[in-house]
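Structure assessment
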Amino acid sequence: MERKKFTRKQAAYLRSLPAVERVVDGRVTYSESFKRHCMRRYAAGESPAVIFREAGLDSSVIGYKRIERCIARWRKSVMPSMKESGELTPETIAEEASGVVNPESEPFRMSYEKLLERQINRIDELEHELSSLRRQLIRQQKQMFAEFDREAHERGDASMGQFRGDDGDDAEIADRGSAPAASGAMRSSALSLSGSAEASASSSISPLGSRSMPLDSIIFSA
């Protein structure tokens with residue numbers, strides 16, 4: 001079965017959640033503590049969709065089928081080991097059902113305000129990364145220009161030395177004109193390359209939108 005593909009914005013959001021270890025090619029890897037959290041609440045009778053949603057993993061983002069498959073898989077792989085270790089007993093299940101929150105579960109019970117705060121912090125991180133990348137591109141651009149100018153100057157000197165004795169002043173004048181032209185062409189090429197790189201970087205590392213956007217449009221729009 002083909003996995004649901006995430007947009008860049010959705011993948012960046014998922015990576016910011018405590019429940020998620022990594023997102024690669026549509027595959028989401030969840031933390032072990034989140035798996036145990038899910039099994040505790042599921043054993044207490046809570047809805048899988050609610051458990052995932054409170055951890056920031058709404059079915060509109062990851063798909064309800066993915067949630068169902070996770071619960072079914074963890075019931076076989078995680079729940080038995082929790083029962084063997086004494087982490088999942090009738091007493092702990094009753095505590096979970098009565099509303100007693102396991103300390104390990106705190107990061108996975110997020111309110112709207114907590115989700116919004118997390119996304120604002122993530123936007124700040126991405127803006128800092130973008131600023132650093134822009135400074136790096138500017139430094140590389142300056143280095144490229146300096147190298148182009150040096151190479152053009154060296155070619156100009158070599159050409160003038162070669163043709164000065166044969167063609168006289170006309171060859172020297174023509175060659176003086178060709179070096180700046182070559183340098184200018186290379187500068188234009190560098191500017192185009194740098195601009196394309198910065199535009200690509202901007203689109204790839206700032207997927208979450210502006211601070212003024214509501215959370216649902218930041219997170220859930222494809």
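The structure displayed is predicted, hence computed values, not measured ones.

1. Here we look at the confidence of the model for the protein chain
Interpreting fine coordinate detail is not advised for predicted regions of low pLDDT. This prediction gives the protein chain a mean pLDDT of 74; 59% of its residues lie at or above 70. A low-confidence stretch, residues 171–175 (pLDDT under 50), is modelled with seven contacts involving residues beyond four sequence positions or located in other chains. Scored below 50 in pLDDT, residues 201–222 shows 50 contacts in the model against residues more than four places distant or in partner chains.

2. Side note on the nonpolar core
Counting 28 residues, the largest nonpolar core has Leu-14, Tyr-30, Phe-34, Phe-52, Leu-57, Ile-62 and Trp-74 as the members making the most contacts within it. Mapped by element, the contributors of at least two residues to this core are α1 (8–15), β1 (20–24), β2 (27–30), α2 (32–43), α3 (48–54), α4 (59–62), α5 (64–77) and α6 (79–85). A per-element tally of this core places α5 first, with four residues. Here Phe-34 is in contact with Ala-19, Phe-52, Ala-55, Leu-57, Trp-74 and Phe-108, once residues within four sequence places are set aside.

3. Thoughts on the packing of aromatic side chains
The description of an aromatic ring pair uses the distance of the two centres, along with the angle that the planes make with each other. All chains considered together, the criterion is met by six aromatic pairs. Consider the rings of Phe-34 and Phe-52, whose centres lie 5.2 Å apart with planes at 85°: the pair is edge-to-face. Here the residue Phe-34 occupies a position in helix α2, and Phe-52 occupies one in helix α3, the gap between them amounting to 18 residues. Here Phe-34 falls in the buried class, since its relative accessible area comes to 0%.

4. Describing the pattern of salt bridges
Scanning the entire structure with this criterion turns up nine salt bridges. Between Arg-22 and Glu-21 there is a salt bridge, and its shortest N-O distance comes to 3.8 Å. In this structure, Glu-154 engages Arg-150 in a salt bridge whose closest nitrogen and oxygen atoms are separated by 2.7 Å. One end of the pair, Glu-154, and the other, Arg-150, are both in helix α8 (residues 112–205), four residues apart, so they sit about a helical turn from each other.

5. Things to note about the side chain of Arg-66
Relative to the assigned elements, Arg-66 resides in helix α5. Once you skip the residues sitting within four places of it in the chain, Arg-66 turns out to touch Lys-4, Phe-6, Gly-26, Arg-27, Val-28 and Tyr-30.

6. Some thoughts on the pairing of β2
Looking along a regular strand, one sees side chains alternate from face to face of the sheet. The alternating pattern of β2 places Val-28 and Tyr-30 on a buried face and Arg-27 and Thr-29 on a face that is not buried. With four bridges joining them, β1 and β2 adopt antiparallel strand pairing. Pairing of Val-23 across the sheet is with Val-28, part of β2. In this structure, the hairpin formed by β1 and β2 is closed by a connection of two residues, where Asp-25 is found at a positive phi of approximately 50°.

7. Re α1
Of all the eight residues making up α1, six are buried; the element is thus mostly covered by neighbouring parts of the structure. All buried positions along α1 are accounted for by Lys-9, Gln-10, Ala-11, Ala-12, Tyr-13 and Leu-14.

Rules used in this analysis
Residues numbered from 1 in each chain as written. Predicted model: local features only at pLDDT ≥ 70, side-chain atom pairs only at ≥ 80, totals over all residues. Heavy atoms only, no water. pLDDT = per-residue confidence, 0-100. Contact = heavy atoms within 4.5 Å. Core = buried A, V, L, I, M, F, W, Y, C linked by side-chain atoms within 4.5 Å. Buried < 20%, exposed > 50% of the residue type's maximum accessible area, 1.4 Å probe, protein only. Helix = DSSP H or I, 4+ residues; strand = E, 2+ residues; numbered from the N terminus. Phe/Tyr/Trp six-rings, centres within 6.5 Å; stacked < 30°, edge-to-face > 60°. Salt bridge = Lys/Arg side-chain N within 4 Å of Asp/Glu carboxyl O. Pairing = 2+ DSSP bridges.

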